[in-house]
Amino acid sequence: MNPFFHALGNRAVQSWQALNFDPRAFPALAARLLQETNPAQNADLDTVLEDFLLAEEQPFQTQSGFGQPELVVFDHPRLYIQLLFWMDGTTDIHQHEFDGAFHVLQGSSLHSTFRFLDPKPVSAHLRTGTLKRLRSELLPTGATVPIRAGTEFIHALFHLETPSVTVVLRTHTSPGTGPQFTYLPPHIALDPFHHDSLTQRRKQLLDVLDASGHPGFPKLVFEMLDVLDFERGFFILQNCVSALRSRGLWNNATKVFKKRHSSLAKAVFPTLDEIVQRDLLAGLRGAVDEPEHRFFLALLINLDSRRDLYRLVGQRFPGKPGATIARWMEEIWETVPEAVPPMEARLEQLGAAGTGGG
Ligand SMILES: [Fe+2]
């Protein structure tokens, strides 16, 4: 067991015990301890990894799929410390069912916080509302941020370097603050731990019909959309959006869904548009090698205003942000021209059209 995180964990247990294990006190305590001990400066990551791979005495490891991967480096009945490795840029927009704090151990991240306004439960696992981005900031190595359980802390971390590593000092769970919703901007919140196996298998079967060119595929999708409840209809629509668009049948599908769900359907189409656009930009980011261009694409995926785009570009690169963006767009035009039209569409959406171009 690594001595640095063992000492940090024991100190957290003792300090929190002095506060009677009050969950409301834990985020500030965890943030203070991470700031004071400063793992980015004082924990040697190579030593931690060597210990984890070679020493037999290790804390209990979870089956969590969060992190790429997650290593538990301290475990106690009241709290634990996890190291999260990130190979991809993005984590979903989410809230937590635990309290604590995170610290950027290696790399840097674009961090955004949100509020979900006017939430309306549709089922136990799905809500509609409007996700409002509050703030986006660049977190350098060594930055620490408290995590509050529940809807008052909704956030997303987009990791800019590969791999990025974060340390999380956290409770196991803070009861009554779930579900740990994931948010699909601008209008849908989902419980990601709700597993509807039948819908999962139906989506997979539809993928088979789509991929094999089955002539009955569109009709079957329409019939499903005509009878399914909102939650499952949304999942089917989300799963089939690309297949229906490529067949020129998207408008037909939206008509069926709108007829079935009337005003509730309004939440769905801007959300699916945003998913498609983000996926497209994220895919293009995978084809781009230059770190400055990858940074720019990360901003385009995550931001929704010209003001924040210019602020964050200016923060990292000296000079006029508009000129920097125009240069990047020209460079991308020369290297990955297919990335330019979707990037221009996003710039237009952000109110920054005309900043660059091919
Ligand atoms: Fe988080």
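Look a little higher up for the structure.
These lines cover the structure that appears in this document, whether it is placed above or below. Just so you know, these numbers come straight off a predicted model, no measurement behind them. (Residues numbered from 1 in each chain as written. Predicted model: local features only at pLDDT ≥ 70, side-chain atom pairs only at ≥ 80, totals over all residues. Heavy atoms only, no water.)

Details of empty space enclosed by the protein
Consideration 1: Following the criterion strictly, the structure yields 1 cavity of 30 Å³ or more and no others.
Consideration 2: Contributing elements (two or more residues each) for the lining of the largest cavity: strand E2 (79-86), strand E3 (93-96), strand E8 (150-159) and strand E9 (164-171).
Consideration 3: Of the residues belonging to the lining of the largest cavity, the class tally is 8 nonpolar, 7 polar and no charged. (1 Å grid on protein atoms, 1.4 Å probe; cavity = no way out; pocket = protein on both sides within 12 Å on 5 of 7 lines; lining within 4 Å. Points joined across faces, edges and corners; volume = space filled by probe spheres on them. Helix = DSSP H or I, 4+ residues; strand = E, 2+ residues; numbered from the N terminus. Nonpolar A, V, L, I, M, F, W, Y, C, P; charged D, E, K, R; others polar.)

Topic: the coordination of the iron ion
Consideration 1: His94 (NE2), His96 (NE2) and His155 (NE2) make up the full set of protein donors to the iron ion, lying at 2.1 to 2.2 Å.
Consideration 2: When the donors of the iron ion are listed by position in the chain, the intervening gaps give H-x1-H-x58-H.
Consideration 3: Owing to a relative accessible area of 9%, histidine 94 belongs among the buried residues under this scheme. (Donors = N, O, S within 2.8 Å, 3.2 Å for Na, K, Ca; no water. Buried < 20%, exposed > 50% of the residue type's maximum accessible area, 1.4 Å probe, protein only.)

Focus on the sheet that holds E3
Strands pair in a sheet through their backbones, by hydrogen bonds, and they do so in one of two ways: parallel or antiparallel.
Consideration 1: Taken in spatial order, the 6 strands close into a barrel running E3-E8-E5-E6-E11-E10, and their pairing is antiparallel. Going from strand to strand, the sheet's axes swing by 40 degrees on average, the running direction of each strand aside.
Consideration 2: Where strand E10 (residues 182-184) lies against strand E11 (residues 188-190), 3 bridges are found, and the strand directions are antiparallel. Following the sheet pairing, tyrosine 183 is matched in E11 by alanine 189.
Consideration 3: Lying over the sheet, helix H11 (residues 306-316) contacts strand E5 (109-123) and strand E6 (126-139), oriented at roughly 30 degrees with respect to E6. (Pairing = 2+ DSSP bridges. Axes fitted to C-alpha atoms, helices over the stretch in contact; angles between N-to-C directions. Contact = heavy atoms within 4.5 Å.)

Remarks on the packing of helix H9 (residues 268-286) against helix H13 (residues 340-349)
Consideration 1: Between H9 and H13, the least distance of the axes is 10 Å, while the angle of their chain directions is 130 degrees. The orientation of H9 with respect to H13, classified from their angle, is oblique. Between H9 and H13 lies a crossing of left-handed hand. Residue-level inspection shows Glu274, Gln277, Arg278, Leu280, Leu281 and Leu284 of H9 in contact with H13, the latter providing Pro342, Met343, Ala345, Arg346 and Gln349.
Consideration 2: Of the residues contributing to the contact of H9 with H13, the split by class is 6 nonpolar, 2 polar and 3 charged. (Parallel < 35°, antiparallel > 145°, perpendicular 65-115°, else oblique. Left-handed = near helix turned anticlockwise from the far one by under 90°.)

Read these as geometric descriptors, not functional statements.
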